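Secondary and tertiary structure notes
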Amino acid sequence: MDDNNALFKVFANGPLEVSGNFRVVNSAGKIIVNEGPVYLCRCGGSSNKPFCDGTHKSNGFPD
Ligand code: FES
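This report concerns the structure included in the present document. (Residues numbered from 1 in each chain as written. Predicted model: local features only at pLDDT ≥ 70, side-chain atom pairs only at ≥ 80, totals over all residues. Heavy atoms only, no water.)

**What about the pattern of salt bridges?**
What counts, and what does not: Any carboxyl oxygen of Asp or Glu within 4 Å of a side-chain nitrogen of Lys or Arg constitutes a salt bridge here. Only DSSP runs of H or I with at least four residues qualify as helices, and only runs of E with at least two residues qualify as strands; both kinds are numbered from the N terminus onward. A simple rule labels every residue: compare its accessible area, found with a 1.4 Å probe on the protein chains alone, to the largest value its type can have, and call it buried under 20%, exposed over 50%, or partly exposed in between.
Following the criterion strictly, the structure yields 1 salt bridge and no others. Note that Arg42 is salt-bridged to Asp63, the shortest N-O span being 2.8 Å. Of the two residues, Arg42 sits in the segment after strand 5 (38-40) while Asp63 sits in the segment after strand 5, which places them 21 residues apart along the sequence. What makes Arg42 partly exposed here is its relative accessible area of 27%.

Structure representation (structure tokens):
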């Protein structure tokens, strides 16, 4: 993999892991993460969106 590219890895029944070269920007346009890996919530249940907080383990997220 080219070091300049981000890699997105889907975890079964869990988050999206993002690694490589990327930035996460919040709704105000502020960079909140500029290095990884980070784990982004796919289930909608996290109390710390956009990040996974482990809630998917208890809410039955089936994907
Ligand atoms: S995917 Fe982990 S809390 Fe949503």
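**Observations regarding the packing of aromatic side chains**
Just so we agree on the cut-off: Ring geometry is summarised as follows: Phe, Tyr and Trp rings, the Trp one being its six-membered ring, pair when their centres sit within 6.5 Å, and such pairs are stacked at plane angles under 30 degrees, edge-to-face over 60 and tilted between the two.
Counted under the stated rule, the structure contains 1 aromatic pair. Centroid distance Phe11 to Tyr39: 6.1 Å. Interplanar angle 65 degrees. Geometry classified as edge-to-face. With Phe11 in the loop between strand 1 (6-10) and strand 2 (16-20) and Tyr39 in strand 5, this residue pair connects regions lying 28 residues apart in the sequence. Overall, Phe11 belongs to the partly exposed group, its relative accessible area being 30%.

**Digging into the nonpolar core**
Let me state the cut-off plainly: To define a nonpolar core, start from buried Ala, Val, Leu, Ile, Met, Phe, Trp, Tyr and Cys residues and group those joined through side-chain atoms within 4.5 Å. Between two residues, a contact is recorded if the distance between any of their heavy atoms is within 4.5 Å.
Formed by Leu16, Val18, Phe22, Val24, Val33, Val38, Leu40 and Phe51, the largest nonpolar core amounts to 8 residues. Elements with a contribution of two residues or more to this core: strand 2 and strand 5. The residues touching Leu40, leaving out its near neighbours within four places in the chain, are Pro15, Leu16, Val18, Pro50, Phe51 and Cys52.

**Some thoughts on the sheet that holds strand 5**
The condition is simple: Paired strands, in this sense, are two strands between which DSSP finds at least two bridges. Interaxial angle, 0 to 180 degrees, is taken between N-to-C directions of lines fitted to C-alpha atoms, where a helix line uses only the stretch in contact.
Pairing is antiparallel across the open sheet formed by 3 strands, whose spatial order is 1-2-5. Strands at the two margins of the open sheet, each flanked by one partner only, are strand 1 and strand 5. On average, each strand axis in the sheet is inclined to that of its neighbour by 25 degrees, with strand direction left out of account. Pairing of strand 1 with strand 2, which is carried by 5 bridges, proceeds in the antiparallel orientation.

**Side note on unusual backbone geometry**
Backbone torsion omega between Gly36 and Pro37 reads 5 degrees, so that peptide bond is classified as cis. By the element assignment, Pro37 lies in the loop between strand 4 (31-33) and strand 5. Of note, the amide linkage connecting Lys49 to Pro50 takes the cis form, showing an omega dihedral of 15 degrees. By the element assignment, Pro50 lies in the segment after strand 5. Look at Asn13: it is not a glycine, yet its phi comes out positive at around 60 degrees. For Asn13, the location among the structural elements is in the loop between strand 1 and strand 2.

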